[in-house]
Amino acid sequence: MISLTFRNIHFRARVAAITILQGGVPSLSSWRHLSGGANSFKIIDPTTEELIADVKADTEDQVAAKVARAVAAQREWANTPLQTRKDALLQFTHLLGQEKQNLAALLCAEMGKPIKQAISEIAATQSRIKFLVENAAQVLEPKTMSSSGRVKERVEYQPLGTVANISAWNYPYFVSSSVFAAALLTGNTVVYKPSEVTALTGGAMTILLHQAGVPEETFVLTQGGGPTGQALTRSPGLGGIFFTGSLATGRNIARQAAENFTRLQISKLELGGKDPVYVRADVPDVGKVAAALADGAFYNNGQSCCSVERIYVAKEIAEEFIAAFAETVRGFRMGCPTEEDTYLGPLARKDNLAHLKSQVDDAVAKGARQIVGQSDFELPIHGWYFPPTVLTQVDHTMDIMRDESFGPVVGIQVVSGDEEAVALMDDTTFGLTAGVYTPDEEAALKILRELDTGTGYWNCCDRVSARLPWSGRRNSGIGSTLSIEGLRAFVQPKALHLQG
């Protein structure tokens, strides 16, 4: 019997967590990590600030042993028929659907994501995986490049081997599955380290994958914080490292992976952004655009790599836009994330409270005007809540317009037109996404093509599709996930010169 201590977390999440850990999801042996002790880390409910669980962290030797297990199992998994691998991933999506309510409530307890948003993330994950399943065969299909006489030239595509999947806490289902589903389908084995913030959610996904038919040595869970991640990225035998997280951690991983140049070249790092949107003067419905961008900035509490973090609005419509934007944000409901009508819960990480306050204070000290903030919301007594904050009269001397916020704050800067907007949007070290709102598609595409980003949005924002590659430029990372390109990231070509 597992020793797991639940304190006074809100009732629905507590019931869901107990259901998952003690019967809703089988194979309790997979939860052996939840034993606490000296080498452990705590999972704290950000709504109540109470302890949910102590989770045992793997030591360096344990990580090494897990990598070795996955490496040893890789060839057998690669030789498993593709249809069998596809069936296992499809069964996993089915189990996600069965357990959706419990899994969402557990995620709600771990990181404070509002329950409706948690359910939406899980449902969308099902469709993403199905796309990868439907398209895996085409990236594995050999290609004959030439056939002349007795000589054939052919390319075959083989798995990378064993990959490290070091995932993020803000969208644990999205971010994790974009890696492990593609990796497993293409014949790789996976050593999976979820964020220590959402370790229970990572454990639940592991259990469901094993129940769906993925062998335990093919998908191996390791738990822990920075030291565990460092032990994993230093491990010999990895074919690739796929990481989503901070720029600082990404740089450390790149340095560690550089010990094996091949492994570094095939790694994928997604490291965040400072995503801008430009609203041109010709938008036909200013209020509608303002509402869409408010959602793009504050959904999931702004804790998204592609959240709108900078807005540039044409001077002709600036007053109307700012008023409509502020009105929309003031209408967002902040409260307990288990309640159906909550739009904004607590932050997932306590340390981000000070970071956001520092950005806001810096901006105000330099002349920014705070038009929405704490006076507009009644914050709960307990929990890591930060009031949705909107700043105007901002400029690029302020941290709020240059450094990633990853929270419910946004700056709005008035611009004279396209030329100034493009210059400001591209005045960044990041390059994840950028958007333009205008009825003029040609003008939007011209602007988007000038910007050094992996993704461009026309009349939309904060959107990710399984059909399109998800990639960053500059300090937003290297490599791709999702789409056909994302599947190709998990295979490597072998040239065959065949003479019969």
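Residues numbered from 1 in each chain as written. Predicted model: local features only at pLDDT ≥ 70, side-chain atom pairs only at ≥ 80, totals over all residues. Heavy atoms only, no water.

**Thoughts on the nonpolar core**
- Formed by 59 residues in total, the largest nonpolar core has its most connected members in Leu 89, Phe 92, Phe 180, Leu 184, Val 190, Leu 209 and Phe 219.
- For this core, the secondary structure elements donating two or more residues are helix H3 (82-98), helix H4 (100-111), helix H5 (115-140), helix H6 (172-185), strand S6 (189-193), helix H7 (199-212), strand S7 (219-221) and helix H16 (483-488).
- Among the elements that line this core, the one with the most residues is H5, at eleven residues.
- Filtering out sequence-adjacent residues up to four positions away, Val 190 remains in contact with Val 163, Asn 165, Phe 180, Ala 183, Leu 184, Thr 218, Phe 219 and Val 220.
- Val 277, Phe 298, Ile 311 and Val 410 belong to the second largest nonpolar core, which has 35 residues in total. (Core = buried A, V, L, I, M, F, W, Y, C linked by side-chain atoms within 4.5 Å. Buried < 20%, exposed > 50% of the residue type's maximum accessible area, 1.4 Å probe, protein only. Helix = DSSP H or I, 4+ residues; strand = E, 2+ residues; numbered from the N terminus. Contact = heavy atoms within 4.5 Å.)

**Some thoughts on the sheet that holds strand S3 (residues 143-148)**
- The three strands are arranged S3-S4-S20 in an open sheet whose pairing can be described as antiparallel. Edge positions in the sheet fall to S3 and strand S20 (491-499), since each of these pairs with one other strand and no more. Put simply, the sheet's adjacent strands are angled 20° from each other on average, direction ignored.
- Bridge count for strand S4 (residues 151-159) against S20 is nine bridges, and the pairing is antiparallel. By the bridge assignment for S20, Glu 156 is matched with Lys 494. (Pairing = 2+ DSSP bridges. Axes fitted to C-alpha atoms, helices over the stretch in contact; angles between N-to-C directions.)

**Topic: the side chain of Ser 167**
- Residue placement: Ser 167 occurs in the loop between strand S5 (162-166) and H6.
- Owing to a relative accessible area of 6%, Ser 167 belongs among the buried residues under this scheme.
- Of note is the side chain of Ser 167, whose polar atom sits 2.7 Å from the side chain of Ser 176.
- Setting aside residues up to four positions removed in sequence, Ser 167 forms contacts with Pro 172, Val 175, Ser 176, Tyr 192, Lys 193, Pro 194, Ser 195 and Thr 244. (Polar contact = N/O pair within 3.5 Å; in protein donor to acceptor, adjacent residues only side chain to side chain.)

**What to know about the sheet that holds strand S13 (residues 389-392)**
- The sheet built from seven strands is open, its strands ordered S12-S13-S14-S11-S10-S15-S16 with mixed pairing. Bordering the open sheet on either side are strand S12 (369-372) and strand S16 (455-458), each of which pairs with just one other strand. Between one strand axis and the next, the sheet turns through 20° on average, direction left out of account.
- Here three bridges tie S12 to S13, and the two strands are oriented antiparallel to one another. Bridge pairing in S13 places Val 372 opposite Val 390.
- Contacts between helix H14 (residues 418-425) and the sheet are confined to strand S10 (276-279), strand S11 (310-314), strand S14 (409-415) and strand S15 (433-437), with S10 contributing the most and set at about 175° to the helix.

From the geometry alone we can't say anything about function, so treat these as descriptive.
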